[in-house]
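Fold and contact review
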Amino acid sequence: MGQCYTTVDQSSTAIIEQFGKFNRIAAPGFNCVWCCIGESVAGKLSLRIQQLDVRCESKSKDNVFVDLVISVQYQVIKESVYDAFYKLTDSSSQIRSYVYDEIRAQVPKMNLDDVFTSKEEIAAAVKEELTKSMTGFGFQIVNTLITDIEPAAKVKAAMNDINAAQRLRLAAYEQSEADKIRIVKAAEADAEAKYLAGQGIARQRQAIISGLRESVQAFQTEVSDVNSRDVMELLLITQYFDTLKDIGASARGTTVFLPHGPGAINDATAAIRNGVLSGMAGAPGAEHMSR
């Protein structure tokens, strides 16, 4: 009696036919094939997870053509080896056809930007459709992944330009806001400085008035036959000459041309007296100084 044998790799199965008709499934390992009764090995199937990369072109809702690469991971169902071997001639071509059909049904419903953000939903729809279709042929769809979304080169460049323009506009807006804040803060600081300077000048003038009043009162106490106007004129002309002294001692070398002579001094005294007294007419304590 003649006989022969076959070996089947781990995670694989062999289909044994007898006179061209399915007879049995050979498990991994050493298997006898009874050639004398017409048995033969029709083929072998791997039970491992396999991956098929499918590149599909489709048009989005906003009329942009885009290429998608879908990786389909699938395997033969161990209990459905018969269906997987006999019902499909080319499982890869069948899977590609279903992927093409589902991708071209999903992508035209979306704009290009939505295709990028919704790739998980597209992959889930492809997996669901493949599972419904391929289970009857003895194949299990383990997972589907969209590994690449590639629009045309011109479209990609345009998208980058739009993104760059948006970022430049945002940068310009932020820069203008920063400039606005600096200008406002500088104006607030300037206003505060002027306010404080005004307070300082007011306090300085009040101190001058108080000092002049005390000087007049002290002078009148020591010299009884002199009135307050004469004392004021003496103090003002003294301050006038002190100012000229300070100007002359300045390191900047400022030159001031003034008329000099007894008549000029009287004119300067009158001008200073009239100007200062007119400015201090409404100041607190002015009535005391005029007494």
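Structure's up top.
Presented here is an overview of the structure given in this document. Only a predicted model underlies this, so the values are computations on that prediction, with no experimental measurement involved.

**Describing the environment of Lys87**
In this structure, Lys87 sits in the loop between helix 1 (81–86) and helix 2 (91–106). As a C-alpha pair, Lys87 and Phe137 span 50 residues in sequence and 6.0 Å in three-dimensional space. When residues no more than four places from it in sequence are discounted, the contact partners of Lys87 are Tyr82, Gly136 and Phe137. Polar contacts involving the side chain of Lys87 include one to the main-chain carbonyl oxygen of Gly136, which spans 3.4 Å.

**Examining the sheet that holds strand 2 (residues 12–18)**
Pairing within the open sheet is antiparallel, and its 3 strands lie in the order 3-2-5. In this open sheet, the two edge strands, each paired with only one partner strand, are strand 3 (21–26) and strand 5 (39–46). Across the sheet, the mean angle separating the axes of adjacent strands is 30° when strand polarity is ignored. As defined by bridge partners, strand 2 adjoins strand 3 across 5 bridges and the pair is classed as antiparallel. Across the sheet, the residue bridging to Ile16 is Arg24, located in strand 3.

**A word on unusual backbone geometry**
Positioned with a positive phi, Ser11 is a non-glycine residue whose angle comes to about 60°. Given a relative accessible area of 29%, Ser11 falls into the partly exposed group.

**Examining the side chain of Ser71**
Within the secondary structure, Ser71 is located in strand 7 (residues 65–76). Engagement of the side chain of Ser71 in a polar contact is seen with the side chain of Asp53, the distance being 2.6 Å. With residues near it in sequence (within four places) discarded, Ser71 still touches Gln51, Leu52, Asp53, Asn143, Thr144, Leu145 and Thr147.

**Quick look at helix 2**
With 16 residues, helix 2 should cover 22 Å at 1.5 Å per step; its first-to-last C-alpha distance of 23 Å lies within 8% of that length. Taken residue by residue, helix 2 has Ser91, Ser92, Ile95, Val99, Glu102, Ile103 and Gln106 as its buried positions. Here the buried residues of helix 2 occupy an arc of 100° about the axis, which is enough to place them on one side. Among the structural elements, strand 6 (50–59), strand 7, helix 4 (119–134) and strand 8 (139–151) are those in contact with the buried residues of helix 2. At the N-terminal end of helix 2, a side-chain oxygen is found 3.2 Å from the backbone nitrogen of Ser92, two or three residues along, and the residue is Asp90.

**Overview of the nonpolar core**
Ranked by internal contacts, the top residues of the largest apolar core, which has 32 residues, are Leu68, Val99 and Ile103. At the level of elements, strand 6, strand 7, helix 1, helix 2, helix 3 (112–117), helix 4 and strand 8 are the ones that each hand at least two residues to this core. Tallying contributions element by element places strand 7 first for this core, with 6 residues. Excluding residues that lie within four positions of it along the chain, Ile103 makes contacts with Cys56, Ser58, Leu68, Ile70, Pro108, Ile122 and Val126. In this structure, Val8, Ile16, Ala26 and Val33 belong to the second largest nonpolar core, which totals 5 residues.

**Topic: the state of the cysteines**
Each disulfide consists of one covalent bond between the sulfur atoms belonging to two cysteines. Considering all chains together, one arrives at 1 disulfide under this definition. Cys32 takes part in no disulfide bond, and the closest cysteine sulfur, belonging to Cys4, lies 8.7 Å away. Classification of Cys32 by relative accessible area gives partly exposed; the value is 34%.

**Remarks on the pattern of salt bridges**
Across all of its chains, the model carries 6 salt bridges by this definition. As a salt-bridge pair, Arg182 and Asp179 come within 2.1 Å of each other at their nearest N and O atoms. Taken as a pair, Arg182 and Asp179 lie in helix 5 (residues 153–222) at a separation of 3 residues, close to a single helical turn. Looking at Asp179, the relative accessible area reads 29%, which means it is partly exposed. A salt bridge links Lys194 to Asp190; its shortest N-O distance comes to 3.2 Å. A residue pair is termed a helical-turn pair when its members lie 3 or 4 positions apart in one helix, as Lys194 and Asp190 do in helix 5 at 4 residues. We classify Lys194 as exposed; its relative accessible area is 56%.

**Regarding the packing of helix 2 against helix 4**
Angle between the axes and distance between the axes: these two values describe a pair of packed helices. Here helix 2 crosses helix 4 at 135°, and the two axes come no closer than 9 Å. Relative to helix 4, the element helix 2 is oriented oblique. Note that helix 2 runs across helix 4; the crossing there is right-handed. Here Ser91, Gln94, Ile95, Tyr98, Val99, Glu102, Ile103 and Gln106 of helix 2 lie close against helix 4, whose contacting residues are Ile122, Ala125, Val126, Glu129, Leu130, Ser133 and Met134. When the residues that make up the contact of helix 2 with helix 4 are grouped by side-chain class, the tally is 9 nonpolar, 4 polar and 2 charged.

**Points about the packing of aromatic side chains**
Taken as a whole and judged by the stated rule, the model has 6 aromatic pairs. Aromatic pair Phe22 and Tyr82: ring centres 5.0 Å apart, planes at 75°, arrangement edge-to-face. Of this pair, Phe22 sits in strand 3 while Tyr82 sits in helix 1; the two residues are 60 residues apart in sequence, bridging distant segments of the chain. Judged by its relative accessible area of 29%, Phe22 falls in the partly exposed class. With relative accessibility at 41%, the residue Tyr82 sits in the partly exposed group. Their ring planes at 80° and their centres at 5.9 Å tell us that Phe22 and Tyr86 sit as a pair that is edge-to-face.

So, how was this worked out
Throughout this description, residue numbers start from 1 for each chain and increase along the sequence as written. Reporting in this predicted model follows two pLDDT cut-offs: at least 70 for local features of residues, and 80 or more for side-chain atom pairs to be given and counted; totals over whole chains, interfaces and linings ignore these cut-offs and use all residues. Excluding hydrogens and water, the side-chain figures rest on all heavy atoms present in the structure. Secondary structure elements are defined from DSSP: runs of H or I of at least 4 residues count as helices, runs of E of at least 2 residues count as strands, and each element is numbered from the N terminus. Any pair of residues with heavy atoms lying within 4.5 Å of one another is described as a contacting pair. In protein, a polar contact requires one atom able to donate a hydrogen and another able to accept it; more generally it is a pair of N or O atoms within 3.5 Å, and residues adjacent in sequence count only if both atoms are side-chain atoms. Two strands are counted as paired when DSSP detects at least two bridges linking them. To define axes, lines are fitted to C-alpha atoms, for helices over the stretch in contact only, and angles between the resulting N-to-C directions are given on a 0 to 180 degree scale. The buried label goes to any residue with under 20% of its type's maximum accessible area, the exposed label to any with over 50%, and the partly exposed label to all in between, with areas taken from a 1.4 Å probe on protein chains only. Helix span is expected to be 1.5 Å times the residue number reduced by one. The arc in question is the one spanned by the directions pointing from the helix axis to the C-beta atoms. Take the buried residues of types Ala, Val, Leu, Ile, Met, Phe, Trp, Tyr and Cys, join any two whose side-chain atoms come within 4.5 Å, and each joined set is a nonpolar core. Put simply, a disulfide is two cysteine sulfurs that come within 2.5 Å. We count a salt bridge whenever a side-chain nitrogen from Lys or Arg sits within 4 Å of a carboxyl oxygen from Asp or Glu. Put simply, angles under 35 degrees are roughly parallel, angles over 145 are roughly antiparallel, angles from 65 to 115 are roughly perpendicular, and the rest are oblique. Crossing handedness follows the turn of the near helix against the far one: under a right angle anticlockwise gives a left-handed crossing, and clockwise gives a right-handed one. Under the convention adopted here, Pro, Cys and the residues Ala, Val, Leu, Ile, Met, Phe, Trp and Tyr are nonpolar, Asp, Glu, Lys and Arg are charged, and Gly plus all remaining residues are polar. Each Phe, Tyr or Trp ring, with Trp reduced to its six-membered ring, pairs with another whose centre is within 6.5 Å; inter-plane angles below 30 degrees give stacked pairs, above 60 give edge-to-face pairs, and intermediate values give tilted ones.

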